[in-house]
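Fold and geometry: a report
So you can see what is in the structure, the chains are spelled out below.
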Amino acid sequence: MKAGFFGTLMFILFFAARAQEKCGSFIYQQHSQQSKSALPTSMQDIQKLTLPSTLLGRLEGTIIKIPVVVHNVYHTPDEKVSDAQIFSQIEALNTYFRRRNKDTANAPLYFRHLAADCEIEFQLATTAPGNKFTNGITRTYTPITKWTPDDKVKFNNEMGKDAWDSKSYLNIWVCNLDKLAGYASYPGSDPSKDGIVISYKAFGTLGSVKANYAQGKTAVHEVGHWLGLKHIWGDANCGDDGIDDTPTQASYTVGCPNTVRVTCGNSPYGDMYMNYMDITNDECVNMFTKGQKNKMRAQLTNGDRMGILTTKAFLLPAVSFIPIESDDPKWLEPKLYPNPAFNNITLDLSYDPRWVGKKIFIYNLTGQTIDIVSITNKIVTININHYKSGIYFLAAKKEDGMSIKSRFVKL
C-alpha cells in the first residue's frame, strides 16, 4: 500500500489512543523507539524485508511451525486460564493462519483472490530451556492486580514471568491487562521483552472472554505484529503498511461494517476492514493477504525470527521432571489472626512477597510506637505477650505506596 500523504503527529496520537483500546502495539512501539536509539533503523529494515522471488516458489507449500509458551500471570482465580482455554487459542491461531475458518466466505469477492493460507502453524512447546520437559504453559501467581504495556509482566523481579529464549519460542503473556486487549513487540526488539501480551478477557474462545474478542483473533492480530506487520492503515492518516496488496485506508475500523467503506480515494472497493491487521470486531475479520504472508514468512526464513527454524522446543526433553506449581495464597490481602489474642498474632502476607524486608510498626491508642517488627517471611508471627491489655494498631508501607493498617486487641 502506497500512502498518499502522512497525517500530522497529533492525528497519529489521537487515532492511536483510540485504537489502543484493542491493540496497544503502536504506542508500545513508539515508546520502544524512544528508549532504544537503534530500534528505528531496525524497524525500517523490517518493513523492507520480504521474501526474495527466488525463494517464494521453493517455500510455497512448506509449513513453518512456531513453538509457543504461554505465561499465565494471574492475581485472582478468574485470571487463571485453564488448559482448555489455552488449547482453544492455539487452535484458533492455526485455523486463521491456515485460512481454514468458515467465515472466509464472508470476505468480499473483490478481495477474496488476495487472501492467503500463510502456511504458518503454532504448537505448545514440549521442551523448555535447559532441555527440560514442558507442556508449554507456565502459571505464576502475582500480587499485581493490573498490568500496563510497560513490560513489567515480562520479568520475575517485577512479579511477572521471565521470557524464554525469544529466538526459539513465541512468548505469550496472559494477564489482567488494563484498558487493552493486547500488544506485541516487533522483530528486532529487546530479547528479554520479546513476545505478545494478551488480556485474559481476550484470550482463547472459552470462559470469560468478552463478546467482541470471543473468536481468539486478538492473538492473531498481535502475532501479525510479532512477525513484522503494521496496522493496515499504517498508523497514520492514509498511511503505508508496507504491503502492496492492501489498499490505502484512512484509519482503523470501528465495529463491524456491512458495506463498502471508501477512504483515501480507494474506491470502488474501499477499505480492507476484514483484514486481521485492522481492529474490526472478531466476527468481521477473516483474512491475511498474500503480501502479508510474504512479509511474515520472510521474518521466519530470512529475518529476525529465523531462530524458530532451528529451535529445540519440539525435541524430546532430556529431563522429564515436571515442575510442581506453587500453591496460590489462601487470601489476596493481609490477614491478621487471631484477633483478639493473648500471646501471639500472625500476619499472613503470602499474597505479596514484596513485603519481605519491610518493617511493621505497632502503635498504641495515643499514637506512640511501642514495637517495630522486621518482616522476614511472608507469614509473620508477632509476640504480644508483653503488651498491656488494650487496643493497638499495626501499620506498614512499601515504596510503591501500598500500605497495611489493621487494628487488634490484646487480651
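You'll find the structure just up there.
Calculation notes
- Residues numbered from 1 in each chain as written.
- Predicted model: local features only at pLDDT ≥ 70, side-chain atom pairs only at ≥ 80, totals over all residues.
- Heavy atoms only, no water.
- Pairing = 2+ DSSP bridges.
- Helix = DSSP H or I, 4+ residues; strand = E, 2+ residues; numbered from the N terminus.
- Axes fitted to C-alpha atoms, helices over the stretch in contact; angles between N-to-C directions.
- 1 Å grid on protein atoms, 1.4 Å probe; cavity = no way out; pocket = protein on both sides within 12 Å on 5 of 7 lines; lining within 4 Å.
- Points joined across faces, edges and corners; volume = space filled by probe spheres on them.
- Nonpolar A, V, L, I, M, F, W, Y, C, P; charged D, E, K, R; others polar.
- Salt bridge = Lys/Arg side-chain N within 4 Å of Asp/Glu carboxyl O.
- Buried < 20%, exposed > 50% of the residue type's maximum accessible area, 1.4 Å probe, protein only.
- Disulfide = S-S within 2.5 Å.

A separate point is the sheet that holds strand E13 (residues 379-383). Read across the open sheet, the three strands follow the order E9-E10-E13; overall the sheet is antiparallel. Bordering the open sheet on either side are strand E9 (335-337) and E13, each of which pairs with just one other strand. Across the sheet, the mean angle from the axis of one strand to that of its neighbour is 20°, orientation sign disregarded. Here strand E10 (residues 344-348) runs beside E13; their pairing, made up of five bridges, is antiparallel.

What follows covers the sheet that holds strand E15 (residues 403-410). On the basis of which strands lie adjacent, the open sheet formed by four strands has the order E12-E11-E14-E15 and antiparallel pairing. Every interior strand has two partners, whereas the edge strands, strand E12 (369-374) and E15, have only one. The mean inter-strand angle of the sheet, taken between neighbouring strand axes irrespective of direction, is 20°. Note: strand E14 (residues 390-397) against E15, eight bridges, orientation antiparallel. Within the sheet, the bridge partner assigned to Tyr392 lies in E15 and is Phe408.

Tallied over the entire structure, the rule returns two cavities of 30 Å³ or more. Computed from the structure, the second largest cavity encloses a volume of approximately 50 Å³. Lining the second largest cavity, in full, are Lys22, Lys217, Thr218, His221, Tyr276, Asp278, Ile279, Thr280, Asp282 and Val285. Residue classes in the lining of the second largest cavity are distributed as three nonpolar, three polar and four charged.

Before going further, it helps to examine the pattern of salt bridges. Side-chain pairs of opposite charge can arise where the charged atoms are in close proximity. In the structure shown here, the tally under the stated rule is 17 salt bridges. Across the salt bridge formed by Arg98 and Glu121, the nearest N and O atoms sit 2.6 Å from each other. You can see Arg98 sitting in the loop between helix H5 (83-97) and helix H6 (109-112) and its partner Glu121 sitting in strand E2 (residues 120-124), a full 23 residues away along the chain. A single burial state applies to Arg98 and to Glu121, both of which are buried. Asp271 serves as the salt-bridge partner of Arg261, at 2.4 Å between the closest nitrogen and oxygen. Of this pair, Arg261 sits in the loop between helix H7 (217-226) and helix H8 (290-302) while Asp271 sits in the loop between H7 and H8; the two residues are 10 residues apart in sequence, bridging distant segments of the chain. On the basis of relative accessible area, Asp271 is assigned to the buried category, the value being 1%. A single network of salt bridges, built from pairs that share partners, joins Lys167, Asp194, Asp304 and Arg305.

Taken as a whole and assessed by the stated rule, the structure comprises two disulfides. With a sulfur-sulfur separation of 1.9 Å, Cys238 is cross-linked through a disulfide to Cys264. On the sign convention where negative means left-handed, the S-S torsion of about -85° between Cys238 and Cys264 marks this disulfide as left-handed. Taken together, the residues span a long stretch of sequence, with Cys238 in the loop between H7 and H8 and Cys264 in the loop between H7 and H8 at a distance of 26 residues. Residue classification places Cys264 among the partly exposed residues on the basis of a relative accessible area of 31%.

Remember that the coordinates give geometry; whether it matters functionally is a separate question.
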